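Below, each chain spelled out in residue letters.
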Amino acid sequence: EQAQTLAETLTQIPGVQHAFSAPYLHELALRIPKIPVTTVLERLKNEFDIQGGYPLGRDFAALSDTLLINATELTSDEDIQAYALALQQILGSQA
């Protein structure tokens, strides 16, 4: 349930979209083509103290703009909102 909430929340941010249409449980892949995923992860960690996920391009060159993230029942709604706000600020600053 929290992964679904995370996906719905993050894909409301302009420039963030599902990478795949397949169902998922706790982990999902999101494309963020506007800014390098490694930059997004660095800024999430350095500016917001958020471990933002895993850059799939590290293992799959075709997914260089894709971030693997997860949420479980231990992920709070507040965690999701904090992640979304941070990501929105990062992407907004690149406009």
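Let me begin by describing the structure that accompanies this report.

Here is what the cut-offs are and how they apply
- Every chain is numbered on its own, with residues counted from 1 as its sequence reads.
- Where local features are concerned, this predicted model is filtered to residues with pLDDT of at least 70; where side-chain atom pairs are given and counted, the filter is 80 or more; whole-chain, interface and lining totals use all residues.
- Side-chain calculation: all heavy atoms of the structure are included, whereas hydrogens and water are not.
- Strands are labelled as partners when DSSP assigns at least two bridges between them.
- Secondary structure is summarised from DSSP: a helix means a run of H or I of at least four residues, a strand means a run of E of at least two, and numbering begins at the N terminus for each.

**Focus: the sheet that holds strand β4 (residues 66-70)**
Read from one edge of the open sheet, 4 strands run β1-β2-β4-β3, paired in antiparallel fashion. Among the strands making up the open sheet, the edge pair consists of β1 (17-18) and β3 (54-55). Looking at chain direction, strand β2 (residues 27-31) and β4 are connected through 5 bridges and run antiparallel. Each bridged residue has a counterpart across the sheet, and for L30 the counterpart in β4 is L67.

**Brief notes about the pairing of β4**
Relative to β4, β3 is paired through 2 bridges, and the arrangement is antiparallel. Across the sheet, the residue bridging to P55 is L67, located in β4.

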